[in-house]
Amino acid sequence: MTNLKSNFLKSVTERGYMHQCTGLEDLDKKATEGIVTAYIGFDCTAPSLHVGSLLPIMMLRTLQKTGHKPIVLMGGGTTLVGDPSGKDESRKLLTEDVIQSNMDSIQKVFAKFLKFGDGPTDAVMVNNADWLKTLNYLEFLRDFGPHFTINRMMGFDSVKLRLDREQPLTFLEFNYMILQAYDFLALNRSYGCTLQMGGSDQWGNIVSGVDLTRRVDGKEAYGLTTPLLTTSSGAKMGKTAAGAVWLNAEQLSPYDYWQYWRNTEDADVGKFLRLFTELPLAEIERLESFEGQEINEAKKVLANEVTKMLHGEDAAKTAQETAEKTFEQGQLGQDLPTVDVERAKLDDGIAAFSAFMLAGLAGSGGDAKRLIKGGGARINDKAVSDINHTVSAADLNDDGVIKMSAGKKRHVLLRAI
RNA sequence: GGGGGGAUGCCCGAGUGGCUAAAGGGGGCGGGCUGUAAACCCGCUGGCUUACGCCUACGUUGGUUCAAAUCCAACUCCCCCCA
């Protein structure tokens, strides 16, 4: 590799954010000479981003910390169209109301990672609906249509994947990349934005924007992508017992978030420390050199650092204490998910299988019974083998809760009210 | 516009009249091993029921039949080829 000079690109490569980059040397020079303004676009398809977006967010954070200006682009307009990249079938179209409410809910997360404001390197948040919704179709076609050839577009992975799988790709989706390319041009014009970053699945879209900006305005523009993150055993990142790993606390509690990172595979600890924490590289090397059981200490550091950044120091500490009590000392952790139950119901007694449903540890009666039959159900750490075992007020401990466990990792506290 | 093919459980995919809540795989869940890891091994995997059983399910709607995911008709959506 070339010797990079700019702090930004040095960090990006050292930490493992770099997958592909256009015009690396030029970009490096630019980043050494002055402030680079860069953007990443985020979909508004769900009310919260999930860990998959954490990598791009960390890139923006790195960008800002190394003296440059990040733009967070909310895809209020492009989400109306739907990005076909990496999807083997089209998604249901979302209504504007849903997109708007998703966007409102997503925005909060960014303030935790970036400093927003009016200063030269302060972050800015924009919504592409602001310029996409007012586009005039004929004008747009005349101005930009000539710069895209179907021949080329057919070659992009997002398009090829669909065609190869004989899945329909609608004209609507086909236009997504053109709109995203136009975003880049628009941001270049209004903010002097010269760099678009994103996940590796965005490469085609990003390159299109780079080309468009060069062709139409003759301006230099660059693209940089992050690697697609999978765990060492090949699974996609972002799943836990509780479902997707959301960044919003309403969707996933800080405790579950902490647990997600604590359960990182051994082989990924170093990689994740580099990508998702800001610990010095030397410290990371020390942590990842731990072997056997020791590496669990490194995983705790990882979980603490990552949780701290998103949910704050206190939340991280509480999560760690709860986890240690629960898993290392076999006690109750106060931060375990809690479900309220009416006192009167408890006094009457609740059949074990329905108690597990109440606690949210089983999705149906059959599910609960399977759990009990399979030997994975425990109440106050005692195995339950009888479906009709009764849970009652007598099971409440001194703190007024009953600990329900499904398997080794899923624990819920039933609290009498 | 013409011709051909297809739609099955969370996903992929077998099944072409009863033995089918539906093979197999993936995923998920539980157990074992261990370190709250990976890999590996075992079990479970529609709902309601202690259970006998009942209900819902093979694109939609109707029909044939004692009996349909399987046969027929219409409809919807999709794919491919020709124009």
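Up top is the structure these notes are about.
These lines cover the structure that appears in this document, whether it is placed above or below.

1. Structural notes on helix α10 (residues 176-191)
If you check α10, its first and last C-alpha atoms are 22 Å apart, about what 16 residues at 1.5 Å a residue would give, namely 22 Å. Once α10 ends, the next one or two residues include glycine 192, with phi positive near 65°.

2. Re empty space enclosed by the protein
Using the criterion set out here, one finds one cavity of 30 Å³ or more in the structure. Taken as a whole, the largest cavity encloses approximately 50 Å³ of empty space. Taken together, the elements giving at least two residues each to the lining of the largest cavity come down to α8 (157-164), α9 (171-174) and α10. For the lining of the largest cavity, the residue count by class is six nonpolar, three polar and two charged.

3. Thoughts on the pattern of salt bridges
This model, assessed by the stated rule, comprises 20 salt bridges. Here lysine 115 and aspartate 122 are joined by a salt bridge, their closest N and O atoms 2.8 Å apart. Here arginine 286 and glutamate 283 are joined by a salt bridge, their closest N and O atoms 3.2 Å apart. Of this pair, arginine 286 and glutamate 283 both sit in helix α14 (residues 281-288), three residues apart, which is roughly one turn of that helix. Connected through salt bridges with shared partners, the residues Glu297, Lys300, Glu324 and Glu328 form a single ionic network.

4. Things to note about the packing of aromatic side chains
As enumerated under the stated definition, the model contains ten aromatic pairs in all. Between tryptophan 261 and phenylalanine 272 the ring centres are 5.7 Å apart and the planes differ by 80°, which places this aromatic pair in the edge-to-face class. Separated by eleven residues along the polypeptide, tryptophan 261 in helix α12 (residues 254-262) and phenylalanine 272 in helix α13 (residues 269-276) bring together distant segments of the chain. Pair check on accessibility: tryptophan 261 and phenylalanine 272 agree, each one buried. For the pair tryptophan 261 and phenylalanine 276, a centre-to-centre distance of 5.1 Å together with 55° between the ring planes defines the contact as tilted. On the criterion of sequence distance, the pair formed by tryptophan 261 in helix α12 and phenylalanine 276 in helix α13 is long-range, its members being 15 residues apart. Residue tryptophan 261 shares its accessibility class with phenylalanine 276, and that shared class is buried. In textbook terms, an aromatic cluster arises when at least three aromatic residues are bridged by ring pairs, as seen for Tyr257, Tyr260, Trp261, Phe272 and Phe276. Across the ring face of phenylalanine 353, the terminal group of lysine 369 is positioned such that the distance to the ring centre comes to 4.1 Å.

5. A short note on the pairing of strand β5 (residues 195-199)
For β5, a buried count of five out of five residues is recorded, marking the element as mostly surrounded by other parts of the structure. Two strands pair when backbone bridges link them, and strand β2 (residues 37-42) and β5 are joined in this way by two bridges, in the parallel orientation. Bridging from a neighbouring strand, tyrosine 39 pairs with glutamine 196 of β5. Looking at chain direction, β5 and strand β6 (residues 222-226) are connected through five bridges and run parallel. What sits directly across from glycine 198, in β6, is threonine 225. Taking the sense of rotation as the criterion, the β-α-β connection linking β5, helix α11 (residues 203-217) and β6 turns out right-handed.

6. Some remarks on the packing of α12 against helix α16 (residues 313-327)
One can describe the packing of α12 onto α16 by two numbers: an axis separation of 9 Å at closest approach and a directional angle of 70°. On the basis of their axis angle, the class for α12 and α16 is roughly perpendicular. Considering how the two elements wind past one another, α12 and α16 form a crossing that is right-handed. On α16, the residues touching Pro254, Tyr255, Trp258 and Gln259 of α12 are Ala315, Ala316, Ala319, Gln320, Thr322, Ala323 and Phe327. Its residues assigned to classes, the contact of α12 with α16 shows eight nonpolar, three polar and no charged.

Here is what the cut-offs are and how they apply
- Residues numbered from 1 in each chain as written.
- Chains lettered and ligands numbered in written order.
- Predicted model: local features only at pLDDT ≥ 70, side-chain atom pairs only at ≥ 80, totals over all residues.
- Heavy atoms only, no water.
- Helix = DSSP H or I, 4+ residues; strand = E, 2+ residues; numbered from the N terminus.
- Expected span 1.5 Å × (residues − 1).
- 1 Å grid on protein atoms, 1.4 Å probe; cavity = no way out; pocket = protein on both sides within 12 Å on 5 of 7 lines; lining within 4 Å.
- Points joined across faces, edges and corners; volume = space filled by probe spheres on them.
- Nonpolar A, V, L, I, M, F, W, Y, C, P; charged D, E, K, R; others polar.
- Salt bridge = Lys/Arg side-chain N within 4 Å of Asp/Glu carboxyl O.
- Phe/Tyr/Trp six-rings, centres within 6.5 Å; stacked < 30°, edge-to-face > 60°.
- Buried < 20%, exposed > 50% of the residue type's maximum accessible area, 1.4 Å probe, protein only.
- Lys NZ or Arg CZ within 6 Å of the ring centre and 35° of its normal.
- Pairing = 2+ DSSP bridges.
- Right-handed = clockwise from strand over helix to strand, strands pointing away.
- Axes fitted to C-alpha atoms, helices over the stretch in contact; angles between N-to-C directions.
- Parallel < 35°, antiparallel > 145°, perpendicular 65-115°, else oblique.
- Left-handed = near helix turned anticlockwise from the far one by under 90°.
- Contact = heavy atoms within 4.5 Å.

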